[in-house]
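Residues per chain, in single letters:
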Amino acid sequence: WNSNPPQNTQTASGLYAGNYTVTITDSNGCIQYASATITTFPIPEVVTSPDQKICVGETVQLSATGALNYIWSPANSLSCDLCAMPVAKPRLTTTYQVIGTDSNNCNDTAFVNITVVPRVDVGVGPDVNVCVGDPAQLSASGGVEYKWSPSFNMIDSTIARPNAYTDSSMLDST
């Protein structure tokens, strides 16, 4: 083999891309020449969607780009394991691996972590009966943010215990 350093074996290894010639001498002393070309292809760069946090029972869209074909694992909580954009519904925190292969059969591996968090117990106060024009005290608990709707009849619909008015003229709090 015309490699550097020269190799005198039937199989050459550790070669770079390029053209190589081998000189073959048989048992009769006859010499023959043959050549081989080594072509290299770049490794694809597989990029996944970012790590995410979801609540138990929710789904999340995963995605991978940078290759032609994909294989995701573990596959048991995915809508498809041979696609670029599976929907995941893990019961527990899961790290998904995706192997992407390009048209030259070169591959790359990437990972995305989905953290599954438990739902917090939340509560809503009892139904309220009031006369027209009287405020109704609503109540919710267990959250860190609140957004009541419809909100047109509340002064502040982003608190746990807003007053809802049965007559919108009551909202003029001047």
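A short tour of the structure in this document, coming up. A quick note: this is a predicted structure, and the numbers were derived from the prediction, not measured.

## Let's talk about the pattern of salt bridges
Per the stated rule, a full pass over the model turns up one salt bridge. Arg119 serves as the salt-bridge partner of Glu58, at 3.8 Å between the closest nitrogen and oxygen. Within this pair, whereas Glu58 is found in the loop between strand E4 (52-55) and strand E5 (60-61), its partner Arg119 is found in the loop between strand E10 (107-117) and strand E11 (123-124), the two being separated by 61 residues in sequence.

## Quick look at the nonpolar core
Counting residues in each nonpolar core, the largest one holds 15 residues, and the members touching the most others are Leu62, Trp72, Tyr96, Val98 and Ile114. Of all elements in the fold, only strand E7 (69-73), strand E9 (94-101) and E10 reach the threshold of two or more residues within this core. The leading source of residues in this core is E10, at four residues. For Val98, the contacting residues outside a window of four places in its chain are Val46, Thr48, Ala64, Tyr70, Ile71, Trp72, Asp108, Thr109 and Ala110.

## Brief notes about the state of the cysteines
Put plainly, two cysteines are in a disulfide when a covalent bond ties their sulfur atoms together. Scanning all chains against the criterion turns up one disulfide. Disulfide partner of Cys80: Cys83, at an S-S distance of 1.7 Å. Measuring handedness by torsion sign, the sulfur bridge of Cys80 and Cys83 sits at about 60° and is right-handed.

Reading guide: rules and limits
Residues numbered from 1 in each chain as written. Predicted model: local features only at pLDDT ≥ 70, side-chain atom pairs only at ≥ 80, totals over all residues. Heavy atoms only, no water. Salt bridge = Lys/Arg side-chain N within 4 Å of Asp/Glu carboxyl O. Helix = DSSP H or I, 4+ residues; strand = E, 2+ residues; numbered from the N terminus. Core = buried A, V, L, I, M, F, W, Y, C linked by side-chain atoms within 4.5 Å. Buried < 20%, exposed > 50% of the residue type's maximum accessible area, 1.4 Å probe, protein only. Contact = heavy atoms within 4.5 Å. Disulfide = S-S within 2.5 Å.

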